[in-house]
Amino acid sequence: MKHEEIMRHAIRLSIENVDSGGGPFAAVVAREGEILASGVNTVSDDNDPTAHAEVNAIRAAGRELKQFHLDDCVLYTTCEPCPMCLGAIYWAGIRTIYYGNTRDDAARYGFQDVHIYHEIGKPMEERMINFSPLLGNEAIEAFNSWDQKSDKILY
């Protein structure tokens, strides 16, 4: 399939999701022009603020491929990914994203992800959320245990 065909599939999914009461977002993971998985925004259906289309599509692709590295895949999404989804995309190793709408388009319709982009760039002490270190000397034990494993899976 061509890029435009895959993106049109994502757009159709986003419109269907709106028609069924969900948000106007959909994403598709493809490899070599073949759709592997798709996802729509299910935040309100699942009562899960992380159930964005891109995250749902990445989760489905990982299950389909039985792997968490998706570096040979392409993501098609109907809107520029929010910072959370962008983090998931980086963790998955996806190197190419095609998107329809921009974060500014989303903001015009009441989706306020732009402020998160601004917050991430600030020093921790200037952010809207309070960050306080706590029990780091105890929490490090999990890293120490992991570091000692001979069969650990790096990601």
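Here the structure is shown first, and the text comes after it.
Residues numbered from 1 in each chain as written. Predicted model: local features only at pLDDT ≥ 70, side-chain atom pairs only at ≥ 80, totals over all residues. Heavy atoms only, no water.

Caption draft 1: Examining the pairing of strand β3 (residues 74-79) more closely. Counting buried residues along β3, 6 of its 6 residues qualify, which places the element largely inside the surrounding structure. Bridge count between strand β1 (residues 26-31) and β3: 4 bridges; the pairing is antiparallel. From the neighbouring strand, Val-29 faces β3, where its bridge partner is Leu-75. Of the pairings in the sheet, the one linking β3 to strand β4 (residues 96-101) comprises 5 bridges and is parallel in character. (Buried < 20%, exposed > 50% of the residue type's maximum accessible area, 1.4 Å probe, protein only. Helix = DSSP H or I, 4+ residues; strand = E, 2+ residues; numbered from the N terminus. Pairing = 2+ DSSP bridges.)

Caption draft 2: Here's a closer look at the pairing of β1. Taken across its 6 residues, β1 has 5 buried, putting it largely inside the fold. Pairing of β1 with strand β2 (residues 34-40), which is carried by 6 bridges, proceeds in the antiparallel orientation. The partner of Val-29 across the bridge, within β2, is Ala-37. Hairpin geometry of β1 and β2 is characterised by an intervening segment of 2 residues between the two adjacent antiparallel strands and by a positive phi of about 50° at Glu-32.

Caption draft 3: Representation of the packing of helix α3 (residues 53-65) against helix α4 (residues 83-92) within the structure. Packing of α3 against α4 leaves a shortest axis separation of 8 Å and a crossing angle of 25°. Classified by the interaxial angle, the pair formed by α3 and α4 is roughly parallel. Considering only the axes of α3 and α4, their crossing is left-handed. Across the interface between the two elements, Glu-54, Val-55 and Ile-58 from α3 touch Met-84, Cys-85, Ala-88, Ile-89 and Ala-92 from α4. Among the residues making up the contact of α3 with α4, the classes are represented as 7 nonpolar, no polar and 1 charged. (Axes fitted to C-alpha atoms, helices over the stretch in contact; angles between N-to-C directions. Parallel < 35°, antiparallel > 145°, perpendicular 65-115°, else oblique. Left-handed = near helix turned anticlockwise from the far one by under 90°. Contact = heavy atoms within 4.5 Å. Nonpolar A, V, L, I, M, F, W, Y, C, P; charged D, E, K, R; others polar.)

Caption draft 4: Looking closely at unusual backbone geometry. Positive phi, normally seen in glycine, also occurs at Glu-32, with a value near 50°. If you trace the backbone, Glu-32 turns up in the loop between β1 and β2. Looking at Glu-32, the relative accessible area reads 81%, which means it is exposed. A positive phi is found at Lys-66, a non-glycine position, where the angle reads about 55°.

Caption draft 5: Structural detail: the nonpolar core. Counting residues in each nonpolar core, the largest one holds 19 residues, and the members touching the most others are Val-29, Ile-58, Leu-70, Cys-73, Leu-75 and Ile-94. Of all the secondary-structure elements, those providing two or more residues to this core are β1, β2, α3, β3 and α4. If you tally residues by element for this core, the top one is α3, at 6 residues. Setting aside residues up to four positions removed in sequence, Leu-75 forms contacts with Ala-27, Val-28, Val-29, Glu-54, Ile-89, Ile-94, Thr-96, Ile-97 and Tyr-98. Within the second largest apolar cluster, 9 residues are counted, among which are Met-7, Leu-13, Val-28 and Val-74. (Core = buried A, V, L, I, M, F, W, Y, C linked by side-chain atoms within 4.5 Å.)

Caption draft 6: Quick look at the sheet that holds β2. Read across the open sheet, the 4 strands follow the order β2-β1-β3-β4; overall the sheet is mixed. Of all strands in the sheet, those bounded by a partner on one side alone are β2 and β4. Taken over all neighbouring pairs, the strand axes of this sheet differ in orientation by 15° on average, direction set aside. Its contacts with the sheet put α3 on β1, β2 and β3, and the angle it makes with β2 is roughly 135°.

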